[in-house]
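Chain and residue survey
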Amino acid sequence: MEQISSEKLCIRLMEREDIPALCRAAGDAEYLERQLQNRDRGECAALIALWNGEAAGHVFCYYRCRWGGMGGQGLPCIVDLAVFEKFRRRGIATALMDRAEELARKYACRVYLDVDLDGGSGPAQRMYAKRGYLPDGKGAYLDGSPCPDDVSRPPGDLSLCMVKELA
């Protein structure tokens, strides 16, 4: 995979040497190491965004994801898009998503992602909708499974599975 660079932004494959810089910005070393182990097994691509050489964010693209709203259907899934606070509103999330979708396109004509339904995820929900992601039609997911109709106040993480047709 070739590196994407502009004057200030560089999107490239993540390496273990990037973990300390990502952790200083807001990362979890154990989580990042697990993602790189999955990458080493050929399950995903791990991308890092650098702004003027400084870690600005990351995203993972699983080629045939086994979990989430459409897990186990042989579809790629975009996981854990993150752009650190001081780097937001610079097009970094868009660049990371462009690259992740480009990778997903090699495996299927659709890609999905799960987005949290908490208040802090509003900007991500709007960005995904603007990029053409639509809800999968199954409603909210509670901890990765469709939320039962009789749950009045769910005790867990609510998310929405969104799908995009790739051209």
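The structure reproduced in this document is the subject of the present report. Here the structure is a predicted model, which means the values were calculated and not measured.

1. Some thoughts on the overall build of the protein
Counting its secondary structure elements, the protein contains four helices and nine strands. Reading the secondary structure of the protein in the N-to-C direction produces β-β-α-α-β-β-β-α-β-α-β-β-β. The C-alpha radius of gyration of the protein comes to 16 Å, within 12% of the 15 Å expected for a compact globule of 167 residues. With respect to the three principal axes, the spread of C-alpha positions in the protein is 50 × 30 × 30 Å.

2. Considerations on the environment of Y107
Position of Y107 among the secondary structure elements: in the loop between α3 (92-104) and β6 (110-116). Residue class for Y107 comes out partly exposed when judged on its relative accessible area of 33%. Put simply, Y107 and L75 are 32 residues apart on the chain and 7.4 Å apart in space, counted from C-alpha to C-alpha. Among residues more than four places away in sequence, those in contact with Y107 are Y63, R64 and P76.

3. Section: α3
Over its 13 residues, α3 extends 18 Å from the first C-alpha to the last, a length consistent with the 18 Å expected when each residue adds 1.5 Å. Taken together, the buried positions of α3 are I92, A95, L96, M97, R99, A100, E101, L103 and A104.

4. Considerations on the side chain of R131
Inspection of the secondary structure assignment puts R131 in the loop between α4 (122-130) and β7 (134-142). Judged by relative accessible area, which is 15%, R131 ranks as buried. The residues contacting R131, other than those within four sequence positions of it, are T94, M97, D98, E101 and K164.

5. A closer look at the packing of aromatic side chains
Taken as a whole and judged by the stated rule, the model has four aromatic pairs. Relative to F60, the ring of Y31 has its centre 6.0 Å away and its plane inclined at 80 degrees; by these criteria the two rings are edge-to-face. Of this pair, Y31 sits in helix α2 (residues 29-40) while F60 sits in strand β4 (residues 54-62), placing them 29 residues apart in sequence. Given the relative accessible area of 0%, F60 is considered buried. Judged by centre distance (4.8 Å) and plane angle (70 degrees), the rings of Y62 and W67 are edge-to-face. For Y62, a relative accessible area of 2% translates into the label buried.

What counts as what
- Residues numbered from 1 in each chain as written.
- Predicted model: local features only at pLDDT ≥ 70, side-chain atom pairs only at ≥ 80, totals over all residues.
- Heavy atoms only, no water.
- Helix = DSSP H or I, 4+ residues; strand = E, 2+ residues; numbered from the N terminus.
- Rg over C-alpha atoms; globule rule 2.2 N^0.38 Å.
- Buried < 20%, exposed > 50% of the residue type's maximum accessible area, 1.4 Å probe, protein only.
- Contact = heavy atoms within 4.5 Å.
- Expected span 1.5 Å × (residues − 1).
- Phe/Tyr/Trp six-rings, centres within 6.5 Å; stacked < 30°, edge-to-face > 60°.

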